[in-house]
Amino acid sequence: MSCVICLFGCLAVCGCKNTVGAKLSFFPPMPPRYCLQGELDDELQQEIKEKLKRCKKIQKIKSVKNKYRPTTSGKYEGSFWLIDDQGNLITPKDAYAVQTDIFFLNNGRGNILCSFFHRCDEAKYTILFSHGNSTDIGLTRNHLVDLAQNLKVNILSYDYSGYGLSTGHPSEVNVYADIRAAYDFLVHDEGIAWNTILVYGQSVGTVPSIDLASDTDYPIGGLILHSPLISGISVVQTPKKPKLRSFDIFKNLEKLPRSRSPCFIIHGLNDSVIPVSHGEMLYKVLQKSYPPWWVSAGDHNLIEIRFRPEYISRLGSFIDYLRIQQMGLSESELLFKFRALRPTVIKKKSRPSSARGANSKFKREILVNSKRGSGSEEGVNLTTLPKDSVFGASSRDLQGDSLHQEDSTLAVSQNITMSSHNNMK
């Protein structure tokens, strides 16, 4: 395993990390497990036909024409079928009070995504579902319709670029764009409030889910991680310590601490694909944790099927918890409470030797003065610091950082003091 990791590191240095990572990480099911009928678009149909030719099973349904209309956030008017492992057509399962609508979404990178929007009449929350590997929205359709009916929620599931009937090719960059297209559809086209959106990621679907949850521009009401991974390379060899390699991909462990939405983690204790230690490491770095569900006798697949009654019950309890957390809060209060933290960017600048010497001199003065005074803040004179000093942060930067403190009453001067302590350490 170490040889494989070293090889991947060498490829990363050569600039091939994204290409190789995509080939090793994404496995779309072939053929797609659903089939649409409607108005024909020649360009999109040709791409789908090329996919279907790769699998012999599709010969059983060659007489069925796949027709679809690829419009941005446009509703698809037409029927659809599901396809089993033998290539046979299956009539979609009906559910009481749940209607499935089909939409084509533009991910902003030239790819068109196919999505199923399962609407429930009594829904107050909406789940944005990112499926696992080797599956698509056709294979998960019946499971999600039943879940929407039991939890009384809407569920939007979408296929990543290159999965199902979505165009393009799967990659780390594309899946990040894909989930943002789905989020924008819910918020801007459907008018759904951001604080009622629950982002649910399963297996590789936790990668775009955590990336979205850690983005301050995309606030969410809650996060559900089902069999999550801490990073791409860590699936091959789980590290003993929660530390990722610089050339790693899918860096969930680094991103998740920025999310401030309540998070519910589900992981099987017998998971041999992504060990439960991944879920445990992620749980420890959460800003706002919710009691996890470590499923005894649960493996990587089919937890939602084998343990369905408890699975539905625990998800329902999490939704009730979110409802209580948000009760009585205004829009600004919700944003302050749930919006993700901005990533910390450390810029290393080369400074002249004279500047470095000046900074060292000021540091020594601060240490001496702090010993003489009652506190270190009494010996710091910020007005005399050089412009490129490690303590010379602008007031606007300090005010921006203070927005992410849990206590909004902290003064800017206190933030300056904290910055001085941290840099002296």
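Relevant structure appears above.
Just so it is clear, the structure is predicted and the values come from calculations on it, not from any experiment.

(A) Highlighting the overall build of the protein. Tallying secondary structure elements over the protein gives 15 helices and 12 strands in all. Evaluated residue by residue, the protein yields a buried proportion of 49% over its 425 residues. For the protein, restricting intrachain contacts to residue pairs at least 6 apart in sequence, the fraction spanning at least 24 positions comes to 73%. On the protein, roughly 21100 Å² of surface is accessible, and the fraction owed to carbon and sulfur atoms is 51%.

(B) Expanded view of the pairing of strand S7 (residues 126-130). The buried fraction of S7 is high, at five of five residues. Burial along S7 is two-sided: the residues Thr-126, Leu-128 and Ser-130 and Ile-127 and Phe-129 are all buried. Here S7 pairs with strand S8 (residues 154-158) via four bridges, running parallel. Counted as the bridge partner of Thr-126 is Asn-154 from S8. Handedness of the S7-helix H4 (residues 141-151)-S8 crossover: right-handed. Where S7 meets strand S9 (residues 197-202), five bridges bridge the pair, whose relative direction is parallel.

(C) Broad picture of the packing of aromatic side chains. Applying the stated criterion across every chain, the model contains 16 aromatic pairs. Arranged with centres 5.1 Å apart and planes meeting at 55 degrees, the rings of Phe-129 and Tyr-200 form a pair that is tilted. Here Tyr-200 lies in strand S9 and Phe-129 lies in strand S7, a separation of 71 residues in the sequence. One exposure class covers both Phe-129 and Tyr-200, and it is buried. A centroid spacing of 5.0 Å and a plane angle of 55 degrees characterise the contact between Tyr-290 and Tyr-321, whose relative ring orientation is tilted. Pair noted here: Tyr-290 is in the loop between helix H9 (276-284) and strand S12 (293-295) and Tyr-321 is in helix H11 (residues 308-326), with a separation of 31 residues, a long-range link. Members of the aromatic cluster, each reached through a chain of ring pairs, are Phe-264, Tyr-290, Phe-318 and Tyr-321. Sitting over the ring of Tyr-218, Arg-180 keeps its end group 5.2 Å from the ring centre.

(D) Representation of the side chain of Ser-115. Looking at the element boundaries, Ser-115 is found in strand S6 (residues 112-120). Here Ser-115 falls in the buried class, since its relative accessible area comes to 0%. In this structure Ser-115 touches Asp-101, Ile-102, Phe-103, Leu-105, Ile-137, Leu-156, Ser-157 and Tyr-158, once residues within four positions along its chain are discounted.

(E) Fine view of the sheet that holds strand S3 (residues 80-83). Spatial ordering of the open sheet is given by S1-S3-S4, a layout of three strands whose pairing is antiparallel. At either end of the open sheet lies a strand with only one pairing partner, and these are strand S1 (34-36) and strand S4 (89-90). Of the pairings in the sheet, the one linking S1 to S3 comprises three bridges and is antiparallel in character. Bridge pairing in S3 links Leu-36 to Phe-80.

(F) Fine view of the nonpolar core. Counting 45 residues, the largest nonpolar core has Leu-128, Tyr-183, Leu-186, Val-199, Leu-212 and Leu-223 as its most contacted members. Of all the elements, helix H5 (residues 172-189) adds the most residues to this core, at eight residues. Residues Ile-224, Trp-293, Phe-307 and Ile-319 belong to the second largest nonpolar core, which totals 29 residues.

(G) Here's a closer look at the sheet that holds S7. With mixed pairing, nine strands are arranged side by side in an open sheet as S2-S5-S6-S8-S7-S9-S10-S11-S12. Single-partner strands in this sheet number two, and they are strand S2 (74-76) and S12. Taking the axes of each pair of neighbouring strands and ignoring which way they run, one obtains an average angle of 20 degrees across the sheet. Against the sheet, H11 makes contact with S9, strand S10 (222-226), strand S11 (263-268) and S12, and its axis sits at roughly 165 degrees relative to S11, the strand it touches most.

(H) Inspection of the side chain of Gln-326 at higher detail. Assignment of secondary structure puts Gln-326 in helix H11. Those residues in contact with Gln-326 that lie beyond four places of it in its chain are Tyr-125, Asn-195, Gly-221, Leu-334 and Phe-338.

Calculation notes
- Residues numbered from 1 in each chain as written.
- Predicted model: local features only at pLDDT ≥ 70, side-chain atom pairs only at ≥ 80, totals over all residues.
- Heavy atoms only, no water.
- Helix = DSSP H or I, 4+ residues; strand = E, 2+ residues; numbered from the N terminus.
- Buried < 20%, exposed > 50% of the residue type's maximum accessible area, 1.4 Å probe, protein only.
- Contact = heavy atoms within 4.5 Å.
- Areas by Shrake-Rupley, 256 points an atom, 1.4 Å probe, with all protein chains shown as cover.
- Pairing = 2+ DSSP bridges.
- Right-handed = clockwise from strand over helix to strand, strands pointing away.
- Phe/Tyr/Trp six-rings, centres within 6.5 Å; stacked < 30°, edge-to-face > 60°.
- Lys NZ or Arg CZ within 6 Å of the ring centre and 35° of its normal.
- Core = buried A, V, L, I, M, F, W, Y, C linked by side-chain atoms within 4.5 Å.
- Axes fitted to C-alpha atoms, helices over the stretch in contact; angles between N-to-C directions.

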